[in-house]
Amino acid sequence: MKKYLVTGGAGFIGSNFIRYILDKYDDVFVVNLDKLTYAGNLNNLKEFENNPNHKLVVGDICDREIVSKLFMEYNFDFVVNFAAESDVDKSFCNADDFIRTNVLGTQNLLNCAKECWLNDGKWKKGVKFLQVSSDEVYGMLDLDDSQFFECTPLNPQNPYAVTKATADVMVKEYFVDYGMPVNITRCSNNFGPNQHTEKLIPLTISKCFDLAQIPIHGTGENIRDWIYVLDHCRAIDLVLTKGVAGEVYNVGAHNEKTNIFVVNEIIKYLHDNYDKKISKKLITFVQDRKVNDLRYSINFDKIKNDLGYTPSVTFEDGLKTTLDWYISNIDWLKTVK
Ligand SMILES: NC(=O)c1ccc[n+]([C@@H]2O[C@H](COP(=O)([O-])OP(=O)(O)OC[C@H]3O[C@@H](n4cnc5c(N)ncnc54)[C@H](O)[C@@H]3O)[C@@H](O)[C@H]2O)c1
């Protein structure tokens, strides 16, 4: 029985990851530590709330007492740290919570893991601390064919990305200084079921359902590199079980799209499949962010060549699945805080 501490498992990617591993493995036990901030949603856990291999603990990753108690009780094999403040726009207004959770929370998890796993100078066998990070730590690219590689210098351009980059450096430091078996995954923009409406795709969907204006920053020409959430979950599982300790792995799916393209695709699909009144007239261009990275593009040759990862869901199929999920789960949108 492998015991996982998954943090932030009531959020978007964490809940998809827990479902993925509970479906894939019989011999896992997942403790899901989540503070249930505005981004945590108990409805994301409905499918496995009665599964004996999953236990929700409502708590803060910054809370030393709770985290070390959990380590003492369960002696985890794996930590997968999803818990974060994850909204770039919010980070411009007030970065305090971002620094607290994304930096200090990660450090608390590392400390508690070290205390439990390192005994008489030896690390417990088979353990791994996986930090779920983001391509935003690399900064931004020009409109050329450049890409982010694992060796690209960190150059974060917004407070959210600064806190993720800081946590990455700290995780790496636990490997360098103490030999802790760690990995960092840096993934591009995710989309799929359970995503909060503060993010572009669900925001557009919910505005379409309400026939309300869809705000797009600037001209909508910023490029993001999209990945369907289950491909990200598969990659994390691979890195956790096969990744070389101390290594960073980029995760992506080669789907560079402008924001306006993505919004237009959603409108087209929902017009044809949900409500004929949904049209491009709903789009409204709003003032751009203070800093809005022009383009992201992630190179994921390393995880592909070393661990055999390939994305399995095309952008088109993933978007259709996502849109169908939101159409069938309209009530879920009412539960978003
Ligand atoms: N969404 C993306 O496109 C994307 C891409 C790459 C990396 N990431 C990273 O993946 C992780 C998950 O992202 P997401 O989109 O699922 O985020 P999310 O905002 O949907 O979920 C975050 C979860 O963390 C919980 N949380 C927040 N602060 C906490 C604390 N102090 N203690 C315990 N739980 C806390 C929230 O309640 C929520 O359930 C984040 O670390 C993010 O940086 C996200």
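We now turn to the structure provided with this report. (Residues numbered from 1 in each chain as written. Predicted model: local features only at pLDDT ≥ 70, side-chain atom pairs only at ≥ 80, totals over all residues. Heavy atoms only, no water.)

**A short note on the site of the ligand**
Stage number 1. Taken together, 28 residues lie around the ligand, and Ile13, Asp34, Ser86, Tyr160 and Lys164 are the ones closest in.
Stage number 2. One of the backbone nitrogen or oxygen atoms of threonine 37 is found 3.0 Å away from an oxygen atom of the ligand.
Stage number 3. Within the contact set of the ligand, an oxygen atom lies 2.7 Å away from a side-chain nitrogen or oxygen of lysine 164.
Stage number 4. Within the complex, the protein chains bury 97% of what would otherwise be the 830 Å² of accessible surface of the ligand. (Near = heavy atom within 4 Å. Polar contact = N/O pair within 3.5 Å; in protein donor to acceptor, adjacent residues only side chain to side chain. Areas by Shrake-Rupley, 256 points an atom, 1.4 Å probe, with all protein chains shown as cover.)

**Notes on unusual backbone geometry**
Stage number 1. The phi torsion at asparagine 75 lies on the positive side, around 45 degrees, for a residue other than glycine.
Stage number 2. Relative to the helices and strands, asparagine 75 is located in the loop between helix H2 (64-74) and strand E4 (78-81).
Stage number 3. Of note in the backbone geometry, aspartate 120 takes a positive phi value of approximately 50 degrees without being a glycine.
Stage number 4. Within the element layout of this structure, aspartate 120 appears in the loop between strand E5 (118-119) and strand E6 (122-123).
Stage number 5. Residue aspartate 120 is classed as exposed on the basis of its relative accessible area, which comes to 84%. (Helix = DSSP H or I, 4+ residues; strand = E, 2+ residues; numbered from the N terminus. Buried < 20%, exposed > 50% of the residue type's maximum accessible area, 1.4 Å probe, protein only.)

**Some points on the packing of helix H1 (residues 12-24) against helix H7 (residues 229-242)**
Stage number 1. With their axes 9 Å apart at the nearest point, H1 and H7 run at an angle of 65 degrees to one another. In the crossing of H1 with H7, the sense of the turn from one axis to the other is right-handed. Between H1, through Phe12, Ile13, Asn16, Phe17, Tyr20, Ile21 and Lys24, and H7, the contact on the second element is made entirely by Val229, Leu230, His232, Cys233, Arg234, Ile236, Asp237 and Leu240.
Stage number 2. When the residues that make up the contact of H1 with H7 are grouped by side-chain class, the tally is ten nonpolar, two polar and three charged. (Axes fitted to C-alpha atoms, helices over the stretch in contact; angles between N-to-C directions. Left-handed = near helix turned anticlockwise from the far one by under 90°. Contact = heavy atoms within 4.5 Å. Nonpolar A, V, L, I, M, F, W, Y, C, P; charged D, E, K, R; others polar.)

**What to know about the pattern of salt bridges**
Stage number 1. In this structure the tally under the stated criterion is 18 salt bridges.
Stage number 2. Residue lysine 35 pairs with aspartate 60 through a salt bridge whose shortest N-O separation is 3.5 Å. Placement of lysine 35 in the loop between strand E2 (28-34) and strand E3 (54-58) and of aspartate 60 in the loop between E3 and H2 is noted, with a sequence separation of 25 residues between them.
Stage number 3. Judged by relative accessible area, lysine 35 falls into the partly exposed class, the value being 41%. (Salt bridge = Lys/Arg side-chain N within 4 Å of Asp/Glu carboxyl O.)

**Some points on the environment of lysine 124**
Stage number 1. Note that lysine 124 resides in the loop between E6 and strand E7 (128-134).
Stage number 2. Overall, lysine 124 belongs to the partly exposed group, its relative accessible area being 25%.
Stage number 3. C-alpha of lysine 124 to C-alpha of asparagine 75: the two residues are 49 residues apart in sequence and 9.7 Å apart in space.

**Thoughts on the side chain of asparagine 183**
Stage number 1. Looking at the secondary structure, you find asparagine 183 in strand E8 (residues 182-187).
Stage number 2. Engagement of the side chain of asparagine 183 in a polar contact is seen with the side chain of lysine 128, the distance being 2.6 Å.
Stage number 3. Beyond its immediate stretch of four places on either side in the chain, asparagine 183 contacts Lys128, Phe129, Leu130, Gln131, Val239, Gly243, Val244, Ala245, Gly246, Glu247 and Tyr249.

**Considering a nonpolar patch on the surface**
Stage number 1. Together, Met140, Leu143 and Leu294 give the surface a local cluster of nonpolar side chains, amounting to about 280 Å² of exposed area.
Stage number 2. Note on placement: leucine 143 falls in the loop between E7 and helix H5 (159-178). (Patch = residues over 30% accessible without salt bridge, like charges linked within 9 Å, V, L, I, M, F, W, Y side chains within 5 Å.)

**Examining the sheet that holds E4**
Stage number 1. Sheet architecture is open: seven strands sit in the order E3-E2-E1-E4-E7-E8-E12, paired in parallel fashion. Each having just a single partner strand, E3 and strand E12 (248-251) make up the two edges of the open sheet. Going from strand to strand, the sheet's axes swing by 20 degrees on average, the running direction of each strand aside.
Stage number 2. Here E7 pairs with E8 via six bridges, running parallel. Each bridged residue has a counterpart across the sheet, and for leucine 130 the counterpart in E8 is asparagine 183. (Pairing = 2+ DSSP bridges.)

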